[in-house]
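# Observations on the three-dimensional arrangement
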Amino acid sequence: MNRSTYTPQSADVVVIGAGVSGLTAARRLAEAGRSVIVIEANDRVGGRTVNLDVGDGVITEGGGQWVGPGQDRILALMDELGIETFKTYVEGKSIYRRQGKTKLYTGTIPPLSPVVLADYAQAQLRLERMAASVPLDAPWTAKNARKWDNTTFGHWLDANTFTEEVRLLFTLAFSVTDGEDLHSTSLLVQLARIAGCGGIDHLVNITGGAQESRVVGGTQVISLRMAEQLGERVILGSPVSEIHQGDEGVLVRSERIDVRADRVIVAMAPADANRIRFMPDLPTRRAMLQRRWCNGTESKIFAVYDRPFWREHGFSGQAVTDLPVANYVVDNSPPDGSVGILLTFVGTAGSGYGLRWTDAILDDPEARKAAFLADLTTLFGPEAARPTAYLEQDWTHEPWIGGCVSSRPPGVLTQYTDADRQPVGRIHWAGTETAVLNQGYIDGAVSAGERAADEVRRASGVHSAPSAAANRRTTA
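Residues numbered from 1 in each chain as written. Predicted model: local features only at pLDDT ≥ 70, side-chain atom pairs only at ≥ 80, totals over all residues. Heavy atoms only, no water.

What follows is about the sheet that holds strand E8 (residues 101-105). Taken in spatial order, the seven strands make up an open sheet running E8-E7-E17-E18-E19-E16-E20, and their pairing is mixed. Each edge of the open sheet carries a strand with a single partner, namely E8 and strand E20 (389-393). When the angles between neighbouring strand axes are averaged without regard to direction, this sheet yields 20°. Where strand E18 (residues 328-331) lies against strand E19 (residues 340-346), three bridges are found, and the strand directions are antiparallel. The residue of E19 that forms the bridge with Val329 is Thr344. Strands in contact with helix H6 (residues 164-178) are strand E7 (93-98), strand E17 (315-321), E18 and E19; relative to E7, the strand with the most contacts, it is inclined by about 125°. Contacting E7, strand E16 (299-305), E17, E18, E19 and E20, helix H14 (residues 365-380) runs over the sheet at an angle of about 60° to E16. (Pairing = 2+ DSSP bridges. Helix = DSSP H or I, 4+ residues; strand = E, 2+ residues; numbered from the N terminus. Axes fitted to C-alpha atoms, helices over the stretch in contact; angles between N-to-C directions. Contact = heavy atoms within 4.5 Å.)

So, on to the nonpolar core. Judged by nonpolar contacts, the single largest core of 56 residues is most densely connected at Leu127, Phe153, Phe170, Phe174, Leu191 and Ile200. Ignoring anything within four residues of it in the chain, the contact list for Phe153 reads Leu127, Phe170, Phe174, Leu182, Thr185, Ser186, Leu187 and Gln190. Grouped together as the second largest cluster of nonpolar side chains are 33 residues, Val15, Ala25, Met78 and Ile83 included. (Core = buried A, V, L, I, M, F, W, Y, C linked by side-chain atoms within 4.5 Å. Buried < 20%, exposed > 50% of the residue type's maximum accessible area, 1.4 Å probe, protein only.)

So, about the sheet that holds strand E9 (residues 213-215). The strand order across the open sheet built from three strands is E5-E9-E6, with neighbouring strands paired in antiparallel fashion. The open sheet terminates on both sides in strands that have one partner only, identified here as strand E5 (66-67) and strand E6 (85-87). Across two bridges, E5 lies against E9 in antiparallel orientation. Note on E9: the bridge partner recorded for Val67 is Ser213.

Another point: the pairing of E16. Within E16, seven of the seven residues are buried, which leaves the element mostly enclosed by the surrounding structure. Here E16 shows two buried faces, one formed by Ser299, Ile301, Ala303 and Tyr305 and the other by Lys300, Phe302 and Val304. The pairing of E16 with E19 spans seven bridges and is antiparallel. Across the sheet, residue Phe302 finds its bridge partner in E19, namely Leu343. As judged from the five bridges shared by E16 and E20, these two strands associate in the antiparallel manner. Opposite Ile301, over in E20, you have Glu392 as the bridge partner.

Attention now goes to helix H11 (residues 284-292). Taken together, the buried positions of H11 are occupied by Arg286, Ala287, Leu289 and Gln290. Down the axis of H11, the buried side of the element spans an arc of 160°, and every buried residue falls inside it. Those residues of H11 that are exposed and angled more than 90 degrees off the buried face are Thr284 and Arg291. Its buried side turned inward, H11 meets helix H10 (270-273), strand E14 (277-279), helix H15 (412-416) and strand E22 (427-429). (Arc of directions from axis to C-beta.)

Before going further, it helps to examine a negative patch on the surface. A cluster of acidic side chains, namely Asp359, Asp363, Asp364 and Glu366, defines a negative patch on the protein surface. Here Asp364 shows up in the loop between helix H13 (359-363) and H14. Judged by its relative accessible area of 33%, Asp364 falls in the partly exposed class. (Patch = residues over 30% accessible without salt bridge, like charges linked within 9 Å, V, L, I, M, F, W, Y side chains within 5 Å. Areas by Shrake-Rupley, 256 points an atom, 1.4 Å probe, with all protein chains shown as cover. Salt bridge = Lys/Arg side-chain N within 4 Å of Asp/Glu carboxyl O. Lys, Arg positive; Asp, Glu negative; His and termini not counted. Charge placed at Lys NZ, Arg CZ, Asp CG, Glu CD.)

Spelled out as structure tokens, the structure:
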């Protein structure tokens with residue numbers, strides 16, 4: 001491209017990032033009559049939601065995949081888009097295996113001794129009491145904010161639980177939702193998430209909780225449907241290199257297109273936004289936030305079978321274990337059960353409390369596959385050793401997304417407060433990391449996109465009536 005002779009395109013707003021949050025913002029602005037161009041570095045839409053092809057028209061979700069009660073923004077958006085849900089499969093017995101012993105159970109909590117159950121209950125009670133004192137829209141103003149932000153959630157568990165078994169259970173539950181090792185995650189951030197997600201039971205439960213339902217067609221269909229509606233306004237395969245901001249507007253430079261606009265919404269995790277050069281420089285708080293932000297380390301692996309055979313034996317497909325790879329297993333089969341799919345998470349997030357993966361498992365696909373199938377065979381019998389397919393979604397090495405759901409290390413929240421979502425002149429920020437409610441979930445991505453679109457409309461003096469589905473929304 002000859003920059004000296006190239007004439008940039010024009011739009012009212014440029015949205016950078018074609019994930020759920022960016023596309024939600026673009027769609028809301030288009031509904032309000034604003035001209036929008038969405039620029040995406042990847043060759044697909046969806047961000048951290050992606051459908052993996054299992055074959056014969058069957059998909060499984062390689063990224064974010066669950067929705068549940070209280071997640072009103074995503075449920076309302078799906079209603080607008082005509083997208084349906086189905087219940088996560090939970091029928092039958094679940095497996096709890098620890099130190100070589102296997103127990104079967106139903107419900108959410110594995111069979112625990114009275115001492116362990118009491119320890120779990122006191123930890124949950126204390127965490128939820130602390131969380132109740134954290135202001136959702138400004139957690140850094142909590143009375144004990146600095147104390148809680150200067151320690152990690154993992155350190156708090158070490159100091160305030162009495163049994164190794166409870167520490168294991170909390171580690172498994174929260175490393176899946178956070179995508180990061182609990183000894184790298186701020187306690188204050190975790191308390192804010194507990195408060196913003198409706199409590200620990202809601203956060204970890206399937207039935208009645210955040211993992212209650214899945215999306216028919218996979219969660220990427222949400223972004224695909226919005227991108228289809230936006231049409232040629234979505235530009236793929238065009239990483240943004242520079243954002244120039246001036247008194248009259250912004251100039252966004254990318255590989256395939258340059259755009260002049262009144263305002264820009266950056267719908268990316270702060271760490272990923274650090275790839276872009278901002279001129280003039282960003283304020284110090286925002287610039288340092290982007291440098292210190294951490295994306296999660298978890299990835300997903302799947303074993304595919306010709307049928308969900310475990311259901312025939314009375315199993316739900318769910319397991320909680322201390323096995324080398326399959327620490328948390330869930331049935332990820334399609335709604336009609338036409339094939340069977342077992343899912344687990346792998347990475348460094350659960351590396352405390354003895355859940356230490358070797359470099360071979362982390363970096364060698366064949367070793368990882370063998371270890372996963374060995375664990376599944378231990379849990380579900382010899383049929384589990386013979387999958388028809390094996391799939392992985394590696395978020396650590398994605399070219400334009402530096403990891404899965406994001407977290408914050410100690411000190412970042414109280415040092416940089418609202419820099420994650422505070423506009424910088426004509427630059428606005430979206431992404432689930434900036435959400436107040438259900439941060440880290442797809443619902444948080446939707447609410448953040450809607451908030452950024454509202455900011456742009458207010459700054460431009462443009463207002464629009466909410467959609468019919470928006471009128472039906474309630475606050476979680």
